[in-house]
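# Structural overview for review
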Amino acid sequence: VSKIFSAGLDITEMSGKSNEHYAAFWRAVQEMWLKLYGSNMVTIAAINGSSPAGGCLMALCCDYRIMADNPKFAIGLNETQLGIVAPFWFKDTMINTIGNRATELSLQLGQMYPAPEALKFGLVDKLVPEDKVQSAAAAAMSQWLSVPDHARQLTKSMMRKPAIDRLVKQREADINNFVSFISKDSIQKSLQIYMDRLKQKK
Ligand SMILES: CCCCCCCCCCCCC/C=C/C(=O)SCCNC(=O)CCNC(=O)[C@H](O)C(C)(C)COP(=O)(O)OP(=O)(O)OC[C@H]1O[C@@H](n2cnc3c(N)ncnc32)[C@H](O)[C@@H]1OP(=O)(O)O
């Protein structure tokens with residue numbers, strides 16, 4: 001979609017549904033993260049637009065991020081702005097990318113960074129003109145693929161395994177946490193207010 005890399009998780013999947021639905025949804029979100037963050041393949045994010053929350057997480061799962069150089073496009077884990085909380089594995093993914101202090105600032109404020117600031121924070125690795133995002137991503141891919149694969153894969157696994165193991169060990173507890181959190185009336189109300197605001201913006 002033009003202007004949007006990813007709008008993040010589908011908020012309608014987290015509103016007004018049954019606990020069984022929330023549990024199945026969250027298991028699928030976990031699965032996406034485990035597969036993408038744990039992939040032994042080279043993954044390059046070609047970020048061609050805004051990328052809030054789950055969209056930012058997907059980009060952070062990649063090995064390298066190239067973003068369109070347009071200050072109208074912003075990226076970040078903005079969960080607190082929705083009245084929700086980024087779970088520990090979202091937080092760990094961000095810490096592993098930009099460090100602890102920058103993550104704490106980002107998460108508490110639910111900050112969305114316009115592209116130039118995202119580069120400054122290390123949230124993305126490179127900015128290129130909008131029409132060069134795909135070609136720059138292809139060039140980066142060639143560079144990454146030129147490294148001996150077994151060595152690159154073992155290194156990637158060494159860097160990411162502790163975070164992955166942490167979720168794998170606590171997967172069911174994390175699902176239970178999500179379900180009890182998201183089904184609270186106060187959280188449902190926050191999500192509703194956020195969705196209403198999005199629609200009013202039009
Ligand atoms: C001890 C601690 C305990 C903690 C326990 C933790 C438990 C876990 C808690 C829960 C964790 C959840 C993690 C959540 C992650 C997420 O990803 S939440 C989603 C975040 N996404 C957003 O905030 C995006 C909001 N959208 C936008 O900013 C803009 O829409 C856009 C993407 C930049 C696009 O803008 P524009 O092109 O102007 O389009 P719009 O007109 O705004 O939107 C078009 C229609 O799309 C709808 N929409 C947009 N985003 C979403 C979405 N994410 N989900 C569902 N629907 C979305 C928008 O409402 C419009 O709809 P219509 O009006 O019907 O056309």
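Going by what an unreviewed UniProt entry lists, the chain is known as Enoyl-CoA delta isomerase 1, mitochondrial and is assigned to Engystomops pustulosus. Its UniProt record gives the chain a comment under Subunit (unreviewed entry), which states: "Homotrimer."

What follows covers the overall build of the chain. Regarding its fold elements, the chain presents nine helices and seven strands. Here the C-alpha atoms of the chain give a radius of gyration of 17 Å, agreeing with the 17 Å that 2.2 N^0.38 yields for 202 residues. Its C-alpha atoms put the chain at 50 × 40 × 30 Å along the principal axes. By the burial criterion, 44% of the 202 residues in the chain qualify as buried. A sequence separation of at least 24 residues applies to 74% of the contacts in the chain between residues at least 6 apart. Carbon and sulfur atoms provide 58% of the accessible area of the chain, an area that totals close to 10,700 Å². For the chain, the distance from the average site of its 24 positive side-chain charges to the average site of its 19 negative ones is 2 Å.

Before going further, it helps to examine the side chain of Asn-70. As for its position among the elements, Asn-70 is in the loop between β4 (64-68) and β5 (74-76). Given a relative accessible area of 16%, Asn-70 falls into the buried group. One polar contact links the side chain of Asn-70 to the main-chain amide nitrogen of Lys-72, over a distance of 2.8 Å. Engagement of the side chain of Asn-70 in a polar contact is seen with the side chain of Glu-130, the distance being 3.0 Å. Non-local contacts of Asn-70, meaning those with residues more than four positions away in its chain, are made with Ala-115 and Glu-130.

Right, let's talk about the packing of aromatic side chains for a bit. One pass over the full model with this rule turns up nine aromatic pairs. Taking the centre distance of 6.2 Å and the plane angle of 15 degrees together, the rings of Trp-26 and Phe-90 count as stacked. You can see Trp-26 sitting in helix α1 (residues 19-37) and its partner Phe-90 sitting in helix α3 (residues 88-98), a full 64 residues away along the chain. Neither Trp-26 nor Phe-90 differs from the other in exposure class; each is buried. Each ring, one from Tyr-113 and one from Phe-121, has its centre 4.5 Å from the other, and the planes form 35 degrees; the classification is tilted. The rings of Phe-25, Trp-26, Trp-33, Tyr-37, Trp-89, Phe-90 and Phe-178 are connected pair by pair, giving a single aromatic cluster.

Turning next to the nonpolar core. Judged by nonpolar contacts, the single largest core of 58 residues is most densely connected at Trp-33, Ile-75 and Trp-89. The element best represented in this core is α1, accounting for seven residues. Sequence-distant contacts of Trp-33, defined by excluding residues within four places in its chain, comprise Gly-38, Leu-57, Cys-61, Trp-89, Thr-93, Ala-163, Ile-164 and Leu-167.

On to the pairing of strand β3 (residues 49-52), then. Where strand β1 (residues 3-4) meets β3, two bridges bridge the pair, whose relative direction is parallel. Across the sheet, the residue bridging to Ile-4 is Ser-50, located in β3. Sheet analysis places β3 next to β5, joined by two bridges and oriented parallel. For Ser-51, the partnering residue across the bridge sits in β5 and is Ile-75.

Parameters at a glance
- Residues numbered from 1 in each chain as written.
- Predicted model: local features only at pLDDT ≥ 70, side-chain atom pairs only at ≥ 80, totals over all residues.
- Heavy atoms only, no water.
- UniProt positions renumbered as here; feature names shortened; annotations may be inferred.
- Helix = DSSP H or I, 4+ residues; strand = E, 2+ residues; numbered from the N terminus.
- Rg over C-alpha atoms; globule rule 2.2 N^0.38 Å.
- Buried < 20%, exposed > 50% of the residue type's maximum accessible area, 1.4 Å probe, protein only.
- Contact = heavy atoms within 4.5 Å.
- Areas by Shrake-Rupley, 256 points an atom, 1.4 Å probe, with all protein chains shown as cover.
- Lys, Arg positive; Asp, Glu negative; His and termini not counted.
- Charge placed at Lys NZ, Arg CZ, Asp CG, Glu CD.
- Polar contact = N/O pair within 3.5 Å; in protein donor to acceptor, adjacent residues only side chain to side chain.
- Phe/Tyr/Trp six-rings, centres within 6.5 Å; stacked < 30°, edge-to-face > 60°.
- Core = buried A, V, L, I, M, F, W, Y, C linked by side-chain atoms within 4.5 Å.
- Pairing = 2+ DSSP bridges.

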